[in-house]
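# Report on the structure
Letter by letter, the chains look like this.
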Amino acid sequence: MNYMIGIDSGGTKTEAIAYDLNGSELARCQTGFGNLLIDKKRGLANLEEAMKILFDKLDEKYCQIVVVGLAGLDGGNFKAELATYFSHYQPDIVFINDAWLSYYALVKEKDGCLVISGTGSICIGQKGQETARVGGWGNLLGDEGSGYWIAKKMIQQLLKEEDRSEGYSSLSKKLMSALEAKNVFEVVSYTYTHEKDQIAQLATLVAESAIAEDPWAIELLEAAGRELANQIKLLIAKLGFTQQVTIGLSGSVLEKNPIVYQSFSEVLAQLPIEICLITEAKSNASGGYYYYKNKVVGNEE
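Summary of the structure given here. Keep in mind it's a predicted model, so treat the numbers as computed, not measured.

## A closer look at helix 9 (residues 215–239)
- A rise of 1.5 Å per residue sets the reference length of helix 9, with its 25 residues, at 36 Å; its end C-alpha atoms lie 36 Å apart and thus fit the reference within 8%.
- The N-cap of helix 9, judged by a side-chain oxygen 2.9 Å from the amide nitrogen of tryptophan 216 a few residues on, is aspartate 214.
- Of the residues trailing helix 9, glycine 240 is marked for its positive phi of about 80°.

## Quick notes on the pairing of strand 7 (residues 121–127)
- Of all seven residues that make up strand 7, six are buried, and the element is covered over most of its length.
- Pairing of strand 6 (residues 112–117) with strand 7 involves six bridges; the strand directions are antiparallel. Within the sheet, the bridge partner assigned to cysteine 113 lies in strand 7 and is glycine 125.
- Following strand 6, the chain reverses through three residues before pairing antiparallel with strand 7.
- Taken together, the six bridges between strand 7 and strand 8 (residues 130–135) define a ladder with antiparallel strand orientation.

## Here we look at the packing of helix 8 (residues 203–211) against helix 9
- Taken N-terminus to C-terminus, the directions of helix 8 and helix 9 make an angle of 120°; their axes are 7 Å apart at the nearest point. With respect to their mutual orientation, helix 8 and helix 9 come out oblique. In this structure, helix 8 crosses over helix 9, and the sense of that crossing is left-handed. Where helix 8 approaches helix 9, its residues Val206, Ala207, Ser209 and Ala210 are matched on the opposing element by Ala217, Ile218, Leu220 and Leu221.
- The class makeup of the residues in the contact of helix 8 with helix 9 is seven nonpolar, one polar and no charged.

## Some thoughts on the sheet that holds strand 5 (residues 92–97)
- Taken together, five strands build an open sheet; the order of strands is 3-2-1-4-5 and the sheet is mixed. Each having just a single partner strand, strand 3 (25–31) and strand 5 make up the two edges of the open sheet. With direction set aside, neighbouring strand axes in the sheet form an average angle of 15°.
- Bridge count for strand 1 (residues 3–9) against strand 2 (residues 14–20) is seven bridges, and the pairing is antiparallel. Bridging from a neighbouring strand, methionine 4 pairs with tyrosine 19 of strand 2.
- Contacts from helix 1 (residues 40–58) reach strand 1, strand 2, strand 3, strand 4 (63–70) and strand 5 within the one sheet, and its direction differs from that of strand 3 by about 150°.
- Against the sheet, helix 3 (residues 98–107) touches strand 1, strand 4 and strand 5, its axis set at about 95° to strand 5.

## Observations concerning helix 1
- Helix length check: helix 1 (19 residues) gives 27 Å between terminal C-alpha atoms against 27 Å at 1.5 Å per residue, within 8%.
- Of the positions making up helix 1, those classed as buried are Gly43, Leu44, Asn46, Leu47, Glu48, Ala50, Met51, Leu54 and Phe55.
- Check the buried side of helix 1 and you find it contacts strand 1, strand 2, strand 3, strand 4, helix 2 (79–85) and strand 5.
- The distance from a side-chain oxygen at the start of helix 1 to the backbone nitrogen of lysine 41 is 3.2 Å, and the residue carrying that oxygen is aspartate 39.

What counts and how
- Residues numbered from 1 in each chain as written.
- Predicted model: local features only at pLDDT ≥ 70, side-chain atom pairs only at ≥ 80, totals over all residues.
- Heavy atoms only, no water.
- Helix = DSSP H or I, 4+ residues; strand = E, 2+ residues; numbered from the N terminus.
- Expected span 1.5 Å × (residues − 1).
- Polar contact = N/O pair within 3.5 Å; in protein donor to acceptor, adjacent residues only side chain to side chain.
- Buried < 20%, exposed > 50% of the residue type's maximum accessible area, 1.4 Å probe, protein only.
- Pairing = 2+ DSSP bridges.
- Axes fitted to C-alpha atoms, helices over the stretch in contact; angles between N-to-C directions.
- Parallel < 35°, antiparallel > 145°, perpendicular 65-115°, else oblique.
- Left-handed = near helix turned anticlockwise from the far one by under 90°.
- Contact = heavy atoms within 4.5 Å.
- Nonpolar A, V, L, I, M, F, W, Y, C, P; charged D, E, K, R; others polar.

Below you can see the structure in the form of structure tokens.
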């Protein structure tokens, strides 16, 4: 039986799923992380292991294509190296940015947009043959509405309170307690000496405070939702959607925080077009199948 494979090559695990050419799942497996930015050698080994497991189960000669979603593909200069590394395999192996894998997993073969808000944020979309993006410029230059952005705003508020001698808000006290910081200088030191994903994790303090009805925390999460909505509004205009648009939502900030989601939705509800929000995908690896339908089968037709 002819089949294809979709692979989500992530920072904690690599998930590979084989589908027949009608989209029915045939087999799946999971190996270690596949993000080459973490450790290129181990990431490649984990990615190759996942492919081999499915090839052994279903026979490599019947595989038509392997579609791999890979973090850091655009900025990591991996494309040429990947092509060489996997050149001895029979099927075509296509590498796409992991954001686009998420797009196809949620929006499937339709035109539409995707907003991702986790550690960072980005909006991508397509209409016909045109693709576009808004944001995704990293924690120093953008990533509005992301976990990192929320944490940064919380830290900046602490520093404003210090400068104004206002006394610390409950959220600022919570932040200092969580970091076991004796003063603001230790908070600043932590911020400059830790990775962006570690900083982004501090956004959970804001979420916890919002649940406890802290007004500043609620305001901050609402602001994050508005930032993300404004980003997707730019993308909608950029691609020229005027009547209706499907928008996939991915990432913990939008998926797990109802305040951010509500604020985001309220801004979009004001647009004079029909909005369809999609929030769940069975697996990002399924995006490989819909990429195949969209880009391979669609072009053949």
